[in-house]
Amino acid sequence: MVVIGPDGAPVGTAVAGQPAGDGGPGPVNPGDAIGEPAKVMRIGTMVKQLLEEVRAAPLDDASRARLREIHARSIKELEEGLTPELRDELERLSLPFTDDSVPSDAELRIAQAQLVGWLEGVFHGLQTALVAQQMAARMQLEQMRGRALPPGIVPQDGVESRGSGTGQYL
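Not measured: the values here are computed from a predicted model.

### Let's talk about the overall build of the chain
Next up, step 1: Broken down by element type, the chain carries four helices and four strands.
Next up, step 2: Put simply, the chain runs from its N terminus to its C terminus through helices and strands in the order β-β-α-α-α-α-β-β.
Next up, step 3: Within the chain, the fraction of its 170 residues that count as buried is 29%.
Next up, step 4: Sequence-distant contacts, at least 24 apart, represent 62% of the contacts inside the chain between residues at least 6 apart.
Next up, step 5: For the chain, the accessible area works out to roughly 11,400 Å², and carbon and sulfur atoms hold 57% of it.

Structural data, given as structure tokens:
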């Protein structure tokens, strides 16, 4: 992840679990923050839709038991698509149902809402990292353009021209 300073210029890179600074091997692709982003997005969308359905309908014992199975399976599938750091975080935050009894509506809704909230946090973090990477790339490009122009040439509206704009004739 690229670390942006107060002036908007990149000051270094940071890797999860390491302090920001010169950063090691170079900028980290924010897309690598999630091992399998497409899989995590699909499961996240399913879990969110499932939560909306659960809120709207009364659940009997059979549907609550099925929802409990879906919740457990969703977490296992998510773990396969996450980096080790995010997998550890998910394991710490998602508390499995402790016994084999059928959970109540409220327990299921809380578990689903917690999972949806965590996934939304992951997605927002990824979006933030992508925006920071784009800003850093833009700053780097602007710096490279500024260094690439020979003396006396001033960029105007993205087009290079000579200082007074009169041009030279052959």
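### Here's the deal with the packing of helix α1 (residues 37–56) against helix α2 (residues 61–81)
Next up, step 1: Where α1 meets α2, the axes come as close as 9 Å, and the angle between the chain directions of the two elements is 160°. The angle between the axes of α1 and α2 places the two elements in the roughly antiparallel class. Of the two possible hands of crossing, α1 and α2 adopt the one that is left-handed. Contacts between α1 and α2 pair K39, V40, I43, M46, V47, L50 and V54 from the former with L67, I70, S74, E77, L78, E80 and G81 from the latter.
Next up, step 2: Considered class by class, the residues forming the contact of α1 with α2 number nine nonpolar, two polar and three charged.

### Quick look at the confidence of the model for the chain
Next up, step 1: With 67% of its residues at a pLDDT of 70 or more, the chain has an overall mean of 75.
Next up, step 2: Counting interchain partners and residues more than four positions distant, the pLDDT-below-50 stretch residues 15–27 has 15 contacts.

### Points about the pattern of salt bridges
Next up, step 1: Counting across every chain of the model gives seven salt bridges.
Next up, step 2: For E120, the salt bridge goes to K48, with nearest N and O atoms at 3.4 Å. Linking E120 in helix α4 (residues 105–148) with K48 in helix α1, this pair joins segments that are 72 residues apart in sequence.
Next up, step 3: Two residues, D105 and R64, come together in a salt bridge whose shortest N-O distance is 3.5 Å. Linking D105 in helix α4 with R64 in helix α2, this pair joins segments that are 41 residues apart in sequence.

### Examining α1
Next up, step 1: Under the 1.5 Å per step criterion, the end-to-end length of α1 is 29 Å for 20 residues, consistent within 8% with the ideal 28 Å.
Next up, step 2: By the burial criterion, the buried members of α1 are K39, V40, I43, G44, V47, L50, L51 and V54. Angular distribution of buried residues about the axis of α1 spans 130°; they occupy a single face of the element. Across α1 from its buried face, at more than 90 degrees, point the exposed residues R42, T45 and A56.

Procedures and definitions
- Residues numbered from 1 in each chain as written.
- Predicted model: local features only at pLDDT ≥ 70, side-chain atom pairs only at ≥ 80, totals over all residues.
- Heavy atoms only, no water.
- Helix = DSSP H or I, 4+ residues; strand = E, 2+ residues; numbered from the N terminus.
- Buried < 20%, exposed > 50% of the residue type's maximum accessible area, 1.4 Å probe, protein only.
- Contact = heavy atoms within 4.5 Å.
- Areas by Shrake-Rupley, 256 points an atom, 1.4 Å probe, with all protein chains shown as cover.
- Axes fitted to C-alpha atoms, helices over the stretch in contact; angles between N-to-C directions.
- Parallel < 35°, antiparallel > 145°, perpendicular 65-115°, else oblique.
- Left-handed = near helix turned anticlockwise from the far one by under 90°.
- Nonpolar A, V, L, I, M, F, W, Y, C, P; charged D, E, K, R; others polar.
- pLDDT = per-residue confidence, 0-100.
- Salt bridge = Lys/Arg side-chain N within 4 Å of Asp/Glu carboxyl O.
- Expected span 1.5 Å × (residues − 1).
- Arc of directions from axis to C-beta.

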